[in-house]
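As a plain string of letters, each chain reads:
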Amino acid sequence: MNYRHVYHAGNFADVVKHAVLALLLEHLKHKDKPFFVLDTHAGIGRYDLASEEARKTAEADGGIGRLWAAPRVPPELEGYLAAVAALNAGSKGAPRWYPGSPLLLRRLLRPHDRLVAVELHPDDAAKLAAEFRRDPQVKVMQMDGYVALKSLLPPQERRGLAVVDPPFEALGEFDRLVTGLGQAHRRWATGIYALWYPIKDMRAVADFRASLNASGIRRILSAELWVETPGDPEIFAGCGIMIVNPPWTVKSSLETVFPFLSAVLARAPGAGWRVAWLVPE
Ligand code: SAM
């Protein structure tokens, strides 16, 4: 486990992922009934963009740094940006502190909703546990996220979201995503699932799409954004999120947000986006 998210926090992929997660939670809040959120690969939750590690790559400059400076941001991004602003109260200019998925998700819960945040790395899990130690709505568990996906679902609330955001540092992560989704979906077919994946190796992405297609699971929306022309397997050109059972208004919200984000985050000509059903109803 060499992956350290601090080197990548706030980059274009975090912006895309976190904007989508915030939208999903906003849509879940349209009904009063409580919901449950499982974050299977949570990280440490709070990132210092001024740290030596973050400055070494400066990836946040091309992500949240750009979005922060952008004019005429669509209202659909307000929930996400408010979560970033909340960590940077009183400071001017680009944000220094960046919320990872568990902090973002926590901020968007209502008093009767719950979050379980899972992280395998012992140091990271300890940091995350310290972050939420006095919070009765959040439980932090140090364990394998894919085991959590099998063992913690379905939740008693019967409605909610499971976020799977693995590091993709080892071979076979796309296969683990498909297997993990299949196991979880058999237990909780009505849950919303958000699976994050990188767009680097186009053959791996095509195989992933084919495996999901063959899984028999319906209602899978694919939301993809690339900051330069994809195709070179060595270049992290974009990312996608497969959303299973998206709330019905999410697709049109994404169709507003993605062209905006694509223009703001573009790194080179050839940047683009696509929001489309991989598997419809
Ligand atoms: N979701 C976080 C966010 O958006 O802020 C970022 C997560 S980062 C991409 C992936 C995380 O998964 C790392 O913190 C890594 O330590 C952790 N990890 C790696 N393998 C894991 C596993 N099998 N189960 C749970 N966590 C794992």
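Let us look at the structure shown here.

The rules behind these values
Residues numbered from 1 in each chain as written. Predicted model: local features only at pLDDT ≥ 70, side-chain atom pairs only at ≥ 80, totals over all residues. Heavy atoms only, no water. Helix = DSSP H or I, 4+ residues; strand = E, 2+ residues; numbered from the N terminus. Rg over C-alpha atoms; globule rule 2.2 N^0.38 Å. Buried < 20%, exposed > 50% of the residue type's maximum accessible area, 1.4 Å probe, protein only. Contact = heavy atoms within 4.5 Å. Areas by Shrake-Rupley, 256 points an atom, 1.4 Å probe, with all protein chains shown as cover. Lys, Arg positive; Asp, Glu negative; His and termini not counted. Charge placed at Lys NZ, Arg CZ, Asp CG, Glu CD. Near = heavy atom within 4 Å. Polar contact = N/O pair within 3.5 Å; in protein donor to acceptor, adjacent residues only side chain to side chain. Pairing = 2+ DSSP bridges. Axes fitted to C-alpha atoms, helices over the stretch in contact; angles between N-to-C directions. Phe/Tyr/Trp six-rings, centres within 6.5 Å; stacked < 30°, edge-to-face > 60°. Core = buried A, V, L, I, M, F, W, Y, C linked by side-chain atoms within 4.5 Å. Salt bridge = Lys/Arg side-chain N within 4 Å of Asp/Glu carboxyl O.

**Details of the overall build of the chain**
Regarding its fold elements, the chain presents 10 helices and 10 strands. At 17 Å, the chain has a C-alpha radius of gyration in line with the 19 Å of a compact globule built from 281 residues. Seen along its three principal axes, the alpha-carbon backbone of the chain occupies a region of about 45 × 45 × 40 Å. Across the 281 residues in the chain, those meeting the buried criterion constitute 55%. Excluding contacts between residues fewer than 6 apart, the proportion of contacts in the chain whose partners are at least 24 apart in sequence is 78%. Total accessible area on the chain is roughly 12,500 Å²; 53% of this is exposed by carbon and sulfur atoms. Each charge class in the chain was averaged separately, 34 positive and 31 negative side chains, and the resulting centres sit 5 Å apart.

**Describing the site of the ligand**
His-18, His-41, Glu-119, Gly-145 and Asp-165 are the nearest of the 20 residues found near the ligand. Between the ligand and the protein, one listed contact pairs a nitrogen atom with a side-chain N or O atom of Asp-144 at 3.4 Å. Between the ligand and Asp-165 there is a distance of 2.7 Å, counted from a nitrogen atom to a side-chain nitrogen or oxygen. Relative to its free-state accessible area of 600 Å², the ligand is covered by the protein chains to the extent of 95%.

**Structural notes on the sheet that holds strand E8 (residues 220–226)**
Note on sheets: strands pair through backbone hydrogen bonds, and any given pair is parallel or antiparallel. The strand order E5-E4-E1-E6-E7-E9-E8-E10 describes an open sheet built from eight strands, whose pairing is mixed. Of all strands in the sheet, those with a lone pairing partner are strand E5 (138–141) and strand E10 (272–279), marking the two edges. On average, adjacent strands in this sheet sit at an angle of 15 degrees to one another, irrespective of strand direction. Pairing of E8 with E10 involves seven bridges; the strand directions are antiparallel. From the neighbouring strand, Ile-220 faces E10, where its bridge partner is Val-279. Across the sheet, helix H10 (residues 250–265) is in contact with E8, strand E9 (238–244) and E10; its angle to E10 comes to roughly 150 degrees.

**Notes on the packing of aromatic side chains**
By the definition in use, this model includes eight aromatic pairs. Ring centres of Phe-168 and Phe-174 lie 4.9 Å apart, and the angle between their planes is 65 degrees; this geometry places the pair in the edge-to-face category. You'll find Phe-168 and Phe-174 in the same group, each marked buried. Ring geometry for Phe-174 versus Tyr-197: centroids 6.3 Å apart, planes at 55 degrees, classification tilted.

**Quick notes on the side chain of Asp-14**
Tracing the sequence through the fold places Asp-14 in helix H1 (residues 12–28). Within polar-contact distance, the side chain of Asp-14 engages the backbone nitrogen of Gly-10 at 2.9 Å. Of the polar contacts made by the side chain of Asp-14, one reaches the side chain of Lys-17; its length is 2.9 Å. With near-sequence residues (within four places) excluded, Asp-14 lies in contact with His-5, His-8, Ala-9, Ala-19, Tyr-80 and Tyr-98.

**Points about the nonpolar core**
Of all hydrophobic cores here, the largest spans 95 residues; its most connected members are Ile-64, Tyr-80, Leu-161, Leu-254 and Leu-261. For this core, the leading source of residues is H1, giving 12 residues. What Leu-261 contacts, discounting residues up to four positions off in sequence, is Val-15, Val-16, Ala-19, Leu-67, Leu-77 and Leu-225.

**Quick look at the environment of Gly-270**
Along the chain, Gly-270 turns up in the loop between H10 and E10. Note on Gly-270: relative accessible area 38%, which makes it partly exposed. Filtering out sequence-adjacent residues up to four positions away, Gly-270 remains in contact with Trp-226, Glu-228 and Thr-229.

**Some details on the pattern of salt bridges**
For the coordinates displayed, the defined rule picks out 15 salt bridges. Between Glu-224 and Arg-209 there is a salt bridge; the shortest N-O distance is 3.1 Å. Separated by 15 residues along the polypeptide, Glu-224 in strand E8 and Arg-209 in helix H9 (residues 202–214) bring together distant segments of the chain. The burial state of Glu-224 is the same as that of Arg-209; both residues are buried. Here the residues in one salt-bridge network are Asp-14, Lys-17 and Asp-165, joined through shared partners.

**Details of unusual backbone geometry**
Here the residue pair Leu-153 and Pro-154 is connected by a cis peptide bond, since its omega of 0 degrees sits within 30 degrees of zero. Relative to the helices and strands, Pro-154 is located in the loop between helix H7 (145–151) and strand E6 (160–164). Phi at Ala-58 takes a positive value of approximately 55 degrees, unusual for a residue other than glycine. Within the fold, Ala-58 resides in the loop between helix H2 (52–57) and helix H3 (64–69). Here Ala-58 falls in the partly exposed class, since its relative accessible area comes to 22%. With a phi angle near 65 degrees, Arg-158 is a residue other than glycine that sits in the positive phi range. On the secondary structure map, Arg-158 appears in the loop between H7 and E6. Arg-158 gets classed as exposed once you look at its relative accessible area, which sits at 53%.

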